[in-house]
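Next come the chains, spelled out residue by residue.
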Amino acid sequence: MSQQDHVAAIQGADSTDGMQHSHRLPGSSGSPLPERFLSRLVGFADLFTRPTWSNVLVLLAGSILAPGRRTVSATLRILGRECDPDFCTFHRILNRSAWSPRGVARQLLCLLVKVLVPVGAPVVIGIDDTIERRWGAKISARGIYRDPVRSSKGHFVKASGLRWLSAMLLVRVPWADRVMALPFLTLLAPSKRFYSDKTRAPKTLLDWARQAALQIHRWLPDRYIVLVGDSAFAAIEFLAAVRNYVCVITRLRLDANLFDFPPHKRKGRGRRPIKGKPLKKLSAVIKDRKVSWKRYRVSLWYGRTDRLVEIATGTAMWYRAGVPPVPIRWLLVRDPKGELEPQAFLATDLSARPCDILCWFVSRWQVEVTFAEVRAHLGVETQRQWSDKAILRTTPVLLGLFSIVTLWAHDLSKSRKLKPRTAAWYPKAVLTFSDAIAAVRREIWRHQISFMSRPSRDSIEIPTIIWQRMENALAHAA
């Protein structure tokens, strides 16, 4: 076959008519993703059947390339498959096909830890909930919640939507030169009203968090796991259930009931006490002049600037009537300049260092950054599924896609230096996720052009079908 006939055959295979009944296997020249990206997904292929996996790669590439909404239709349009009569096949991946999102979450976590977390280093996990604003009578898990973005201390705003609990790996990413929160496990946590007409008992947000913590421990049984959460997870029942498996870092009330540890031996008869003598409230410890304070500089305090703080620490038993006490290490933090209110934190690992406790908790701010990034660049809240199974799968997949794109950008940064998008009016100095997904998109477009056209040094021949896809993406970007 001549070179001209070979190019024509490839173009015909990639045209709309040629793709109607063609689902190429991953790794072939017709794969929508480049080989260096496919190599990171090898472990996921065993979780799907072969036909389903080839279609998953199509949705994966389309979800990255598509601007605006991340519907199945949008992913097919950006890949030139809008006339494909088998479009229902791609919808079935989310609402019908047999594959386990939990298995995918496990594989993603193991992959992230293997690539980004050094051996022997603690695996720091940030956990938090978010509201996906959605309307629709057919969405059974929809509830009314407080909108954390639009609400404030003096202004309460309600939102209709789905509540998700997401666990994210907090790790320093080399190309970004900062800690990023990489989602791997996202669970739907409906409100109590969802269980009103069901026989099973309602599960609270802490119940879902407890199951997530124990699941992560089973996935990484040989690693030291640190679970970082906000004040919503500062519950004695939750800490008592998971403290033997993970180290929990969270906020602590200044008026918490703290007690000394019980004596090892009891004089006389009777049961051994579960707690010792009551200790002073942390609010009183702050005002005690006898307390020894140490100065410590925190890097990127809540993602902004470095800040010098004073810390004091100690150990105690946190106790509430009717619940077994929990041994904790408490940490007091105050601002020597007096600009910030004193804060208290706790760790269920009594041997945790105070500086590590503070750094781990401050890194939790990146969870909020990730929630904002997936809405801005991956179309979370724009999907339109209404079936229960599709809803349970789509949002976790989009959040996991954030981690996949970050990992692919990490691979690209090894071969060439990634540069932030700058302008005369915007001297951007650091790389963000928008730069990462732009680099990944360029690599995918370059791959899809390269196996259809032989590029020269000064010009590239773009086939008509590829140019029409780019033209449609630009014309309908808004």
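In this text the structure is predicted, and so the values were computed from the model without any measurement.

**Student:** Let's hear about the environment of P51: which residues, and what values?
**Tutor:** Here P51 lies in helix α4 (residues 50-65). Each C-alpha atom, one on P51 and one on A347, is 47 Å from the other, the two residues being 296 residues apart in sequence.

**Student:** Go over helix α6 (residues 88-95) with me, naming the residues and quoting the values.
**Tutor:** Since one α-helical turn is 3.6 residues long, residues separated by three or four positions face the same way. Every buried residue of α6 is accounted for by F90, I93 and L94. Here the buried residues of α6 occupy an arc of 90 degrees about the axis, which is enough to place them on one side. Looking at the buried residues of α6, the elements they touch are α4, α5 (72-78) and α13 (388-415).

**Student:** So, empty space enclosed by the protein: which residues are in play, and what are the values?
**Tutor:** A complete count under the given rule lists four cavities of 30 Å³ or more for this structure. Around the second largest cavity sit T130, E132, W164, F371, V374, R375, V380, T395 and L399, which together line it. Within the residue set of the lining of the second largest cavity, elements represented by two or more residues are β1 (123-133), α12 (365-377) and α13. Among the residues making up the lining of the second largest cavity, the classes are represented as five nonpolar, two polar and two charged.

**Student:** Can you tell me about unusual backbone geometry, naming the residues and giving the values?
**Tutor:** Even without a glycine there, the phi angle at D177 is positive, about 55 degrees. The topology assignment puts D177 in the loop between β3 (158-173) and β4 (178-188). Even without being a glycine, E381 presents a positive backbone phi close to 85 degrees. For E381, the location among the structural elements is in the loop between α12 and α13. Exposure remark for E381: the relative accessible area of 16% places this residue in the buried category.

**Student:** Pulling in residues and values, what's your account of the packing of aromatic side chains?
**Tutor:** On inspection of all chains with the given rule, the structure shows eight aromatic pairs. Ring centres of F259 and Y319 lie 5.8 Å apart, and the angle between their planes is 85 degrees; this geometry places the pair in the edge-to-face category. Residue F259 is located in strand β7 (residues 258-259), and its partner Y319 is located in strand β9 (residues 305-320); the two are separated by 60 residues in the primary sequence. Residue Y319 is classed as buried on the basis of its relative accessible area of 18%. By way of ring pairs, the aromatic residues F48, W53 and W99 are connected into one cluster. Here K198 stacks its cationic end above the ring of F194, 4.0 Å away from the centre of that ring. Residue placement shows K275 over the ring face of Y319; its charged tip is 5.3 Å from the ring centre.

**Student:** So, a nonpolar patch on the surface: which residues are in play, and what are the values?
**Tutor:** On the surface, I460, I462 and W467 cluster together into a nonpolar patch covering about 300 Å² of accessible area. Here I462 is to be found in the loop between α14 (433-450) and α15 (464-475).

**Student:** Go over the pattern of salt bridges, please, and point to the residues and values.
**Tutor:** Charged atoms that come close allow side chains of opposite charge to pair. For the structure shown, the criterion picks out 22 salt bridges. The partner of E132 in a salt bridge is R134, and the shortest N-O contact between them spans 3.1 Å. For E132, a relative accessible area of 1% translates into the label buried. In this structure, the salt-bridge partner of E310 is R334, at a minimum N-O distance of 2.7 Å. Linking E310 in strand β9 with R334 in strand β10 (residues 323-334), this pair joins segments that are 24 residues apart in sequence. One connected set of salt bridges, linked through shared partners, spans R133, D147, R375 and E381.

**Student:** So what about the pairing of strand β5 (residues 225-228)? Which residues, and what values?
**Tutor:** Residues I225 and L227 point to one face of β5 and V226 and V228 to the other, with burial holding for every one of them. The pairing of β1 with β5 spans four bridges and is classified as parallel. Each bridged residue has a counterpart across the sheet, and for I125 the counterpart in β5 is L227. Across three bridges, β5 lies against strand β6 (residues 247-251) in parallel orientation. Directly across from V228, in β6, lies its bridge partner I249. For the segment spanning β5, helix α9 (residues 236-242) and β6, crossover handedness is right-handed.

**Student:** Break down α12 for me, with residues and values.
**Tutor:** Spanning 13 residues, α12 covers 19 Å between terminal C-alpha atoms, matching the ideal 18 Å at 1.5 Å per step. Listed in full, the buried residues belonging to α12 are Q366, V367, T370, F371, E373 and V374. Considered in projection along α12, the buried side chains sweep an arc of 165 degrees and stay on one side of the axis. Looking at the buried side of α12, the elements it contacts are β1, β3, β4, α13 and α14. G379 sits one or two residues past α12 and shows a positive phi near 70 degrees.

**Student:** If you had to explain the side chain of T186 to someone new, which residues and values would you point to?
**Tutor:** For T186, the location among the structural elements is in strand β4. A distance of 3.3 Å separates the side chain of T186 from the side chain of S166, its partner in a polar contact. Apart from the residues within four sequence positions on either side, T186 is in contact with W164, L165, S166, P396 and L399.

Reading guide: rules and limits
- Residues numbered from 1 in each chain as written.
- Predicted model: local features only at pLDDT ≥ 70, side-chain atom pairs only at ≥ 80, totals over all residues.
- Heavy atoms only, no water.
- Helix = DSSP H or I, 4+ residues; strand = E, 2+ residues; numbered from the N terminus.
- Buried < 20%, exposed > 50% of the residue type's maximum accessible area, 1.4 Å probe, protein only.
- Arc of directions from axis to C-beta.
- Contact = heavy atoms within 4.5 Å.
- 1 Å grid on protein atoms, 1.4 Å probe; cavity = no way out; pocket = protein on both sides within 12 Å on 5 of 7 lines; lining within 4 Å.
- Points joined across faces, edges and corners; volume = space filled by probe spheres on them.
- Nonpolar A, V, L, I, M, F, W, Y, C, P; charged D, E, K, R; others polar.
- Phe/Tyr/Trp six-rings, centres within 6.5 Å; stacked < 30°, edge-to-face > 60°.
- Lys NZ or Arg CZ within 6 Å of the ring centre and 35° of its normal.
- Patch = residues over 30% accessible without salt bridge, like charges linked within 9 Å, V, L, I, M, F, W, Y side chains within 5 Å.
- Areas by Shrake-Rupley, 256 points an atom, 1.4 Å probe, with all protein chains shown as cover.
- Salt bridge = Lys/Arg side-chain N within 4 Å of Asp/Glu carboxyl O.
- Pairing = 2+ DSSP bridges.
- Right-handed = clockwise from strand over helix to strand, strands pointing away.
- Expected span 1.5 Å × (residues − 1).
- Polar contact = N/O pair within 3.5 Å; in protein donor to acceptor, adjacent residues only side chain to side chain.

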